[in-house]
Structures are given as C-alpha cells and as structure tokens.
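Below are the chains, spelled out letter by letter.
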Amino acid sequence: MTKKYLFWAVFFVVIMAIGLKTAQHYRENVDEAMVRGHYAFESTRANIQFMQKAKLTHNGQSFTIYRDGDYWRIKEAAEYFVNTEMLSGFYDMLNNALIISTYNLDEQMSADLEREGINIKIYSEDNHLIEDVTVSSDVEKDKSRLAYKKGKGKIYRIGPVKMFSANVQSWVPMPLLAVSEKEIAGITFNELYLGHDILQDAKGKMDFLTQLLSLLQFVGYDGIVKKEEFEKYNPQAQPLKMLIHLNSGLIYQLNLYAFSDSYWLYVDLATEKVANKDVPEQIEQLRPYYADWVFLLSNEDGKILYSVLTQ
C-alpha cells in the first residue's frame, strides 16, 4: 500500500471516528431533550388505577403499603392504616414529579444511590412490577431528588417531591388521640367522675392532672399489635380504665395495660345517652382506627396515665 493510500485510509478512519462521536453526542443531547419534562414515574402514572402495593427499602429496611378496598395499610405495622397525608404526598409524587435534568451514568453516583437511596417498587393487582426506581434520601431546596432507574443508563433529577419518607413511622396516622381541654366535659377514673370545672380547679393543685390534660392533647405511640395477638399472649391481663367525656357526647374509653417494662393502650368508643346528632357518624368513622389494635405508649406517657389511674 502506497503512502498516498495509507494516508487516505487513516484519514477515513479518523473522520468516521469523529462522525460516530458527534452522532453519539447528538443522540445523547436529543435523548436528554426528549426526556426532560417527562413524568418521572411515567409507567406508574399511566397505570395508577392498577397500583396495588408499593415496597420501600432504605438502609436494608423495607416496608410495604398495600391497597385494601378503600384503605391503604402498612403490612409491617400490624396492617394498620396509612397516614392519609403521607399517602397523598406519595400519589402527588407519582402523578406530578417531572424529570428536570439528566446526567450520564456515573458508577459512583449510581452506587451511592443504590447504597443510601430509597428504592421504590410499584406493583399492580396481579403482582406485576410496574416501576423500580431508587431516589436519593436527601431533598434539595427546590424539592428535587436524584433518581436512578435500572437499565436506563442515566441519572435523573426529578421534582417536585413535596412529602416522601422511608421512615415507616412517618406513614402511620399520628396522633393516636388528640383532645383539647376545652373539648372535655369530664373524666371518669376509679369510678369517680370529675367535671370540667372541677378539673380546672384541681389541676392547679394536682400535678398529675395537669400532666394528664397536657398528654391528652397529643397521645402518640411507639408500636402497634393486633388486638387478637395481644390477647393471645396476655390472656390474664386486666386493664386500668378511664373515660374521657367530650362536650359533644362522644366518650373515649381508655384501657391501659401496665407491665413491668411497657404500657399498652386500647381505645374504645361510646356515646352519652344525650349526644350531638353527628356523634354516631363520628364514631363510625373513628372506630376502624381503634377497634382491632393495641398501641404501645412511650414509657413517659404510659407512666402519666398509670399514675392517674392508680391514685
């Protein structure tokens, strides 16, 4: 081969290489332009009516929320109900989060996301995997997060993600009970009824009543078990009882189970003989959140209730 032909052969190879690189760069830019502004969870959004469950995994810990008729429940939280605000935020992300920008796949970035991010798997009614996306656990000021979809070869920035957490406690309804002092008509404990006026006068003289009235404004819980399971393993347990009478005629029946290392609360509902006409409907709405479960109180809250009930 002469030098002339060798030159043109090398020249042709160089031109082809430049052309391929240019074409690749152009294709990447076109691909990025085409996906920017698209929905981040496009597959889920298109099949949102078929979404049956979602599994969230973070730092090796997983929990699953699933649809049960008109309700969503948390499998690992004794199948208790999902916090409606968190569920609404989740749906908002699935329906409205957009791809803001894209980045070429960076092995370190994707590895960090896989290790520290929140993996979201969405399943349909027939247990078909609709979506498998990992998003960063940290959210930016503009409510955006990094996201990675396996097999896509890109890292995405998506947003807005207004409310989303991989902490299972963020997904349970809270508080368990919230009653302000002005709502309370009276309290019955140890078969003694104290009306509102007596409570107001006595709380200044008895610290435990002050603590009780403060606690009732926000009763949280640290755990939950099915009532049937609780009774199965604690067949002899007898509760200490307290009735919280509201001005509306609604009564919260608090049943406190005190053990050496824990305090558990079961809440039942009743109504006064004379009550507001909307109380039966209110009880109907509230009862599903209490009827089948017993709730683990913090030691601090449990001790407050216990101190009142053992006076």
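Please refer to the structure higher up on the page.
Calculation rules
Residues numbered from 1 in each chain as written. Predicted model: local features only at pLDDT ≥ 70, side-chain atom pairs only at ≥ 80, totals over all residues. Heavy atoms only, no water. Helix = DSSP H or I, 4+ residues; strand = E, 2+ residues; numbered from the N terminus. Buried < 20%, exposed > 50% of the residue type's maximum accessible area, 1.4 Å probe, protein only. Contact = heavy atoms within 4.5 Å. Areas by Shrake-Rupley, 256 points an atom, 1.4 Å probe, with all protein chains shown as cover. Core = buried A, V, L, I, M, F, W, Y, C linked by side-chain atoms within 4.5 Å. Pairing = 2+ DSSP bridges. Axes fitted to C-alpha atoms, helices over the stretch in contact; angles between N-to-C directions.

### Digging into the overall build of the protein chain
And then number 1: When helices and strands are counted, the protein chain shows 9 helices and 16 strands.
And then number 2: Counting all 311 residues of the protein chain, 39% fall into the buried class.
And then number 3: Taking the intrachain contacts of the protein chain between residues at least 6 apart in sequence as the baseline, contacts between residues at least 24 apart amount to 61%.
And then number 4: Accessible area for the protein chain stands at about 18,100 Å²; split by element, carbon and sulfur atoms hold 52% of it.

### Observations regarding the nonpolar core
And then number 1: Within the largest apolar cluster, 74 residues are counted, with the highest numbers of intra-cluster contacts made by Ile 65, Phe 90, Phe 164, Trp 171, Ile 187, Met 242 and Tyr 252.
And then number 2: When neighbours within four sequence positions are excluded, Ile 65 is seen to be in contact with Gln 52, Lys 53, Ala 54, Trp 72, Arg 73, Ile 74, Val 82, Leu 87, Phe 90 and Trp 171.

### Quick word on the sheet that holds strand β10 (residues 184-189)
And then number 1: Overall, antiparallel pairing links the 7 strands, which are arranged β11-β10-β13-β14-β15-β16-β12 in an open sheet. If you trace the sheet from one side to the other, it starts and ends with β11 (192-195) and β12 (223-226), each paired once. Averaged over all adjacent pairs, the angle separating strand axes in this sheet is 25°, with direction ignored.
And then number 2: As paired elements, strand β14 (residues 250-258) and strand β15 (residues 263-271) share 9 bridges and run antiparallel to each other. Within β15, the position partnered with Ala 258 by the bridge is Tyr 263.

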